[in-house]
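# Chains, contacts and geometry: an overview
Letter by letter, the chains look like this.
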Amino acid sequence: MAEMRFTYLSKGRYWRFRRGKMDCPLPGSPGDPAFHVRYAELLALSEAKAEAPAADSFSSLIARYRKSPEFRSLSDSTQLDYDRTLDLIREEMVSEPFRHTTRAMIKAVQSDYAATPRKAHKIKQMISSLYAWADEYELVKPGFNPAKDIKRPKTKGGVNEIVVWSDFEIAAYIKAAPEHALTPVLIALYTGQRREDIVAMTWKQFQGDIIRVRQSKTKTMLDIACHPVLRAHLAGLKRRGVQICTNAKGLPYATANALSGAVRRVVEGCDDMPDNRSMHGLKYAAGSMMEEAGCTIGEIQSVLGNRTYQMAVKYSTQRLRAKQAMSKMEAASK
């Protein structure tokens, strides 16, 4: 079933249509004929209201940004991610004049998504990026960016940090994982790349001693030495098409989320692992392993290709100190 945009489940029971200032009940649930008839009516009505936005409105600014070379040069996956956030901003801000928007207005939009802090922060970041782009094209006064210094919303119980996989957890996963869920984890662990780049990785990029990667987010071209463990695993795989990573049916993963889902199912089914281990945690683990092996910050950055090495170093430093502390305790007890 196609995604029903602008719909949400109220109180876990009732479906509603929300777009801009429209917030209307929907009969039944997705799949019911009456639901889809009413949904189509409300969607058409909201589209009519959204037509011909004023030149100084947020809708107009977003439309111009989407047509810009800066937006069009982004990878397809990044454009899709930005589009979702831009849609949220457009529906919230609609006809607000972007040249006169205040911090209070943006914080009010952010507060609407207080229950999902990550989404609230993405909205703030996207609005800030829109103003930076508008500044470059002289659509606003120089330096005007009311979203720039708005702080990330706090979450109850603190920020959920990405957890680095421990050596024990990595070994437990490798023992439990079927081939289709093991391959992406080994690539992440021994190359430090993002799931979006791993899911798109082709056999042409595996060249024996190296793996060539052009990162979709940074556009950086990397030649990464292929670790012997990863090289042996890839050399032993049966090639099923163009892409390296395939699902249980031997087909390429449709999206990065699908790949993450396959990994998550193995993690949740493994008794020796907590459930909150993710592909992103493997990227940090890769940096930690390099740090523990004695790699310099420059060497780590040359593999990870971005600032993630800073987070990896943070965790690996703690791990190194903990190991050194235990070694000293053992030595003292002899």
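Quick summary incoming for the structure in this document. (Residues numbered from 1 in each chain as written. Predicted model: local features only at pLDDT ≥ 70, side-chain atom pairs only at ≥ 80, totals over all residues. Heavy atoms only, no water.)

Glancing now at the pattern of salt bridges. Side chains bearing opposite charge may pair, as long as their charged atoms lie close to each other. A complete count under the given rule lists 13 salt bridges for this structure. The shortest N-O distance in the salt bridge between D83 and R66 comes to 2.9 Å. Taken together, the residues span a long stretch of sequence, with D83 in helix α4 (residues 76-93) and R66 in helix α2 (residues 58-66) at a distance of 17 residues. Assessed through its relative accessible area of 23%, D83 is described here as partly exposed. Among the charged side chains, a network of salt bridges with common partners joins R194, R195, E196 and D197. (Salt bridge = Lys/Arg side-chain N within 4 Å of Asp/Glu carboxyl O. Helix = DSSP H or I, 4+ residues; strand = E, 2+ residues; numbered from the N terminus. Buried < 20%, exposed > 50% of the residue type's maximum accessible area, 1.4 Å probe, protein only.)

For the pair α2 and helix α6 (residues 117-136), interaxial distance at closest approach is 11 Å and the crossing angle is 75°. With respect to their mutual orientation, α2 and α6 come out roughly perpendicular. For the pair α2 and α6, contact is made by F58, L61, I62, R64 and Y65 and by M126, I127, L130, Y131, W133 and A134, respectively. Within the contact of α2 with α6, the residues separate by chemical class into 10 nonpolar, no polar and one charged. (Axes fitted to C-alpha atoms, helices over the stretch in contact; angles between N-to-C directions. Parallel < 35°, antiparallel > 145°, perpendicular 65-115°, else oblique. Contact = heavy atoms within 4.5 Å. Nonpolar A, V, L, I, M, F, W, Y, C, P; charged D, E, K, R; others polar.)

Of the two faces of strand β5 (residues 221-225), the one holding L222 and I224 is buried and the one holding M221, D223 and A225 is not buried anywhere. Of the pairings in the sheet, the one linking strand β4 (residues 210-214) to β5 comprises five bridges and is antiparallel in character. Each residue of the ladder has a partner; that of I210, found in β5, is A225. (Pairing = 2+ DSSP bridges.)

Glancing now at the packing of aromatic side chains. Within this structure, the stated rule accounts for nine aromatic pairs. Seen in terms of ring centroids, Y131 and F144 are 5.5 Å apart; in terms of plane orientation they differ by 90°. Their pairing is edge-to-face. With Y131 in helix α6 and F144 in the loop between α6 and α7 (167-176), the pair connects residues that are 13 residues apart, well separated along the chain. A residue is classified by how much of its surface remains accessible, and F144, at 24% relative accessible area, is partly exposed. The rings of Y65, F71, W133 and Y137 are connected pair by pair, giving a single aromatic cluster. (Phe/Tyr/Trp six-rings, centres within 6.5 Å; stacked < 30°, edge-to-face > 60°.)

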